[in-house]
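Summary of the model geometry
So the chains spell out like this:
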Amino acid sequence: MSKTSRTGAALAAVLMPLPAFAADAKIDAGNTAWMLTATALVLMMTIPGLALFYAGMVRKKNVLAMMMQCFAACSLVTILWMVVGYSLAFGDGNAVIGNFSRILLSGIGWDKPFTLGTGDAAVALTIPEVVFMMFQMTFAIITPALICGAFADRMKFSAMLWFSAAWLILVYAPIAHMVWHPNGWMFVLGALDFAGGTVVHINAGIAGLVAAIMIGKRRGYGHDNMAPYNLTLAVIGASMLWVGWFGFNAGSAAAADGRAGMAMAVTQIAAAGAALAWMFAEWGTRGKPSVLGIISGAVAGLVAITPASGFAMPGGALIIGVVSGLVCFWASTSLKRKLGFDDSLDVFGVHGVGGIVGALLTGVFAAGALSATSATPDGYQGLLEGNGAQVVTQAIAVAFTVVYTAVVSFVILKVVDATVGLRVSDEEERDGLDISLHGETVQ
């Protein structure tokens, strides 16, 4: 099968290409209702899910600052997405970036089905464009918010806002376009990323690693007590992430159909497998299974299944979950200690490493049986079905994302540091960001 055919089949798997809609085509009410629900679920992943998850894992003096960063990121990205982000990510543009056809959401459709792209590669959906835009907005919201966990306790709030804004435009939007738009070069290459393993998790994980290294370690790191303030909050947040992830993955089918059902099933299986794998690994190496460990493992599994969720069968999902739980446990403990960086909440260890594991294993477990088109039934087969080239394609996409995100994130952080400064003063860090930056405390 040619590369073009494989790419077409991959697209079929994600967005179900159809002939161009007639002028009187109708919106599918069921699909639209599901996508509205999925959008709300994904937004819940950031506020309150991620906000509670992160807040519960920092020290008491930084709880409100962590919540503030997540809430502010949600607000900031919403406006930027409306003004220019959506247009750059999903405008037709070229192989690298979209155009300005949807600046300020100009001309966005709301009463007819939406077609993404133009020409032979165009993909017809049965939902209005405004719903697609909102669904993608929630992905854009959570990605910069995820990065905040890497530099928790020590970045200026102003620096976080400037970095998040620039990063959304210069990193997130181009990667989203390249991976998910029919014109994007990674899409044309045939790279598979059903729901954001590359766009969201590798992207955030690598940016978090660069930020953590550049800003330096927390005061007292390695000898002060930095135990989580309130694991109850973290468990509630992780639980919301788990439930919200069904919108993240099953919603990426863009329809209320069998592929969405399978994506939901494999998401649950992978999360459970990773949670248990992390728990038993920690139990075996440290003598006790921790609450922090099992919730971290569940998130690792959710991350890893994300790119494969529309392509993997249940058996593959279980393997992806177990492998990601073990590898992310190692990355968040042994690897982090060996390399000596202070990734406060293990954004790289869970999201970066988990995203890489999931993206590569997508190339192993992608199942042609899930193809949405009979014309190319073997279109996106993985290694187990005889298509070893898919693993290579996945590796190329991963490598490009890692390098591009690392370089551009480094440049953005350098510019922010030279202008407003990245790090709070020693006194502000010692007192805590809640009181020093926001004038509030948790009683």
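Small disclaimer: the values here were computed from a predicted structure and weren't measured.

Attention now goes to the overall build of the protein. When its secondary structure is counted, the protein shows 15 helices and 2 strands. Overall size of the protein, expressed as C-alpha extent along the three principal axes, is 65 × 50 × 35 Å. Split into buried and exposed, the 443 residues of the protein put 58% on the buried side. If you sum the accessible surface of the protein, you get close to 16000 Å²; carbon and sulfur atoms cover 68% of it. Distance from the positive charge centre (22 side chains) to the negative charge centre (24 side chains) of the protein: 8 Å.

Turning next to helix α2 (residues 29–57). Helical geometry: 3.6 residues make up each α-helical turn, so side chains three or four residues apart lie on a common side. Between its terminal C-alpha atoms α2 stretches 41 Å, which fits the 42 Å expected from 29 residues at 1.5 Å a residue. At the N-terminal end of α2, a side-chain oxygen is found 3.0 Å from the backbone nitrogen of Gly30, two or three residues along, and the residue is Asp28.

When pLDDT is averaged along the protein, the result is 92; 93% of the residues meet or exceed 70. Within the model, pLDDT remains below 50 along residues 1–21, and this stretch shows 57 contacts once partners closer than five positions in the same chain are excluded. Within the model, pLDDT remains below 50 along residues 373–378, and this stretch shows 8 contacts once partners closer than five positions in the same chain are excluded.

Secondary-structure assignment places Tyr404 in helix α13 (residues 389–419). Distance from Tyr404 to Asp224, taken between C-alpha atoms, is 35 Å for residues 180 residues apart in sequence. Every residue in contact with Tyr404, bar those within four places of it in the chain, is listed here: Leu170, Val171, Pro174 and Ile175.

Below, the discussion takes up the layout of surface pockets. Its boundaries defined by the atoms lining it, the largest pocket holds a volume of some 740 Å³. Taken together, 33 residues make up the lining of the largest pocket; nearest its centre are Leu292, Ser332, Lys336, Ser344 and Asp346. Mapped onto the lining of the largest pocket, the elements with two or more residues apiece are α2, α9 (258–286), α10 (291–305), α11 (314–339) and α12 (347–365). Considering every element that reaches the lining of the largest pocket, the biggest residue donor is α11, with 5 residues.

This brings us to empty space enclosed by the protein. Which parts of space are left empty comes out when a probe the size of a water molecule is rolled across the atoms. Applying the stated rule across the entire model yields 6 cavities of 30 Å³ or more. Counted as a void, the second largest cavity has a volume near 60 Å³. Taken together, Met45, Leu50, Phe53, Ile142, Leu146, Val200, His201, Leu241, Trp245, Phe248, Val299 and His351 make up the full set of residues lining the second largest cavity. Counting only elements with at least two residues in the lining of the second largest cavity, the list comes to α2, α4 (129–147), α7 (197–215) and α8 (231–250). Counted by class, the lining of the second largest cavity contains 10 nonpolar, 2 polar and no charged residues.

Moving on, we get to the state of the cysteines. Overall, the coordinates contain 0 disulfides when judged by the stated rule. No disulfide involves Cys70; its sulfur sits 6.0 Å from that of Cys148, the nearest cysteine. Not engaged in a disulfide, the cysteine Cys328 finds its nearest cysteine sulfur in Cys70; these two sulfurs lie 20 Å apart. Classification of Cys328 as buried rests on a relative accessible area of 0%.

Position of Val199 relative to the elements: it lies in helix α7. Aside from chain neighbours lying at most four places away, what touches Val199 is Thr143, Tyr172, Ile175, Ala176, Val179, Trp180 and Asp193.

Mapped onto the elements of the fold, His351 is located in helix α12. Here His351 falls in the buried class, since its relative accessible area comes to 5%. A distance of 3.1 Å separates polar atoms of two side chains, one belonging to His351 and the other to His201. For His351, the residues in contact, after removing those within four places along its chain, are Leu146, His201, Ile202, Gly205, Val299, Val303 and Asp346.

Here we come to the packing of aromatic side chains. Using the criterion set out here, one finds 18 aromatic pairs in the structure. Here Tyr86 and Phe132 contribute two aromatic rings whose centre-to-centre distance is 6.5 Å and whose plane-to-plane angle is 65°, an arrangement assigned as edge-to-face. Taken together, the residues Tyr86 in helix α3 (residues 63–90) and Phe132 in helix α4 connect sequence positions 46 residues apart. Each member of the pair, Tyr86 as well as Phe132, is classed as buried.

Core analysis: the biggest nonpolar cluster contains 133 residues, and Leu50, Phe53, Tyr54, Trp81, Tyr86 and Tyr172 have the highest contact counts within it. Ranked by residue count, the leading element in this core is helix α5 (residues 157–180), at 15 residues. Ignoring sequence-local partners within four residues, the contact set of Leu50 consists of Met45, Cys70, Ile142, Ala145, Leu146 and Leu241.

Checked against the element boundaries, Asn62 lands in the loop between α2 and α3. In this structure Asn62 touches Asp153, Gly432, Leu433 and Asp434, once residues within four positions along its chain are discounted.

So, about the environment of Gly91. You can see Gly91 is positioned in the loop between α3 and β1 (115–116). For Gly91, a relative accessible area of 3% corresponds to the buried category. Distance from Gly91 to His177, taken between C-alpha atoms, is 8.2 Å for residues 86 residues apart in sequence. Among residues more than four places away in sequence, those in contact with Gly91 are Tyr86, Gly98, Asn99, Ser101, His177 and His181.

The next subject is the packing of α4 against α8. Where α4 meets α8, the axes come as close as 11 Å, and the angle between the chain directions of the two elements is 135°. By the angle class used here, α4 and α8 are oblique. Seen along the crossing, α4 lies across α8 with a hand that is left-handed. Contact with α4, carried on its side by Phe135, Phe139 and Ile142, involves Leu241, Gly247 and Phe248 of α8 and no other residues of that element. Of the residues assigned to the contact of α4 with α8, the class counts are 5 nonpolar, 1 polar and no charged.

Rules behind the numbers
- Counting restarts for each chain: residues are numbered from 1 in the order of the written sequence.
- Local features in this predicted model are restricted to residues of pLDDT 70 or higher, and side-chain atom pairs are both shown and tallied only at a pLDDT of 80 or more, whereas totals for entire chains, interfaces and linings draw on every residue.
- Each side-chain value is derived from all of the structure's non-hydrogen atoms; neither hydrogens nor water enter the calculation.
- A helix here means a DSSP run of H or I that spans at least four residues, while a strand means a run of E at least two residues long, and both kinds are numbered starting from the N terminus.
- Residue exposure (1.4 Å probe, protein chains only): buried if accessible area is under 20% of the type maximum, exposed if over 50%, otherwise partly exposed.
- Working definition of accessibility: Shrake-Rupley area with a 1.4 Å probe, residue cover restricted to the visible protein chains.
- By the counting rule applied here, Lys and Arg register as positive and Asp and Glu as negative, while His and the ends of each chain are not counted.
- For the purpose of locating charges, the reference atoms are NZ of Lys, CZ of Arg, CG of Asp and CD of Glu.
- A helix is expected to span 1.5 Å for every residue after the first.
- Contacts described as polar in this section are N or O atom pairs within 3.5 Å, which, within protein, must combine one atom able to donate a hydrogen with one able to accept it, while residues neighboring in sequence count only if both atoms come from side chains.
- Each residue carries a pLDDT score, the predictor's own confidence in it, on a scale running from 0 to 100.
- Here a residue-residue contact requires only that any non-hydrogen atoms of the pair lie within 4.5 Å.
- Residues are said to line a cavity or pocket when one of their atoms sits within 4 Å of a point; the points come from a 1 Å grid over protein atoms alone, cavities being sets where a 1.4 Å probe fits but cannot get out and pockets being open sets with protein on both sides within 12 Å along at least five of seven lines.
- Grid points are joined across faces, edges and corners, and a volume is the space filled by probe spheres set on the points.
- When residue character is reported, Ala, Val, Leu, Ile, Met, Phe, Trp, Tyr, Cys and Pro are called nonpolar, Asp, Glu, Lys and Arg charged, and the others, Gly included, polar.
- Cysteine sulfur atoms that come within 2.5 Å of each other are treated as a disulfide pair.
- Whether two aromatic rings pair depends on their centres lying within 6.5 Å, for rings of Phe, Tyr and Trp, where Trp uses its six-membered ring; planes under 30 degrees apart make the pair stacked, over 60 edge-to-face, and the rest tilted.
- Here, the term nonpolar core denotes a set of buried Ala, Val, Leu, Ile, Met, Phe, Trp, Tyr and Cys residues that are joined through side-chain atoms within 4.5 Å.
- Interaxial angles span 0 to 180 degrees and are taken between N-to-C directions of axes, which are lines fitted to C-alpha atoms, for helices over the stretch in contact.
- Roughly parallel here means an angle under 35 degrees, roughly antiparallel means over 145, roughly perpendicular means 65 to 115, and every remaining angle is called oblique.
- Left-handed describes a crossing whose near helix is turned anticlockwise from the far helix through less than a right angle; right-handed describes the clockwise counterpart.

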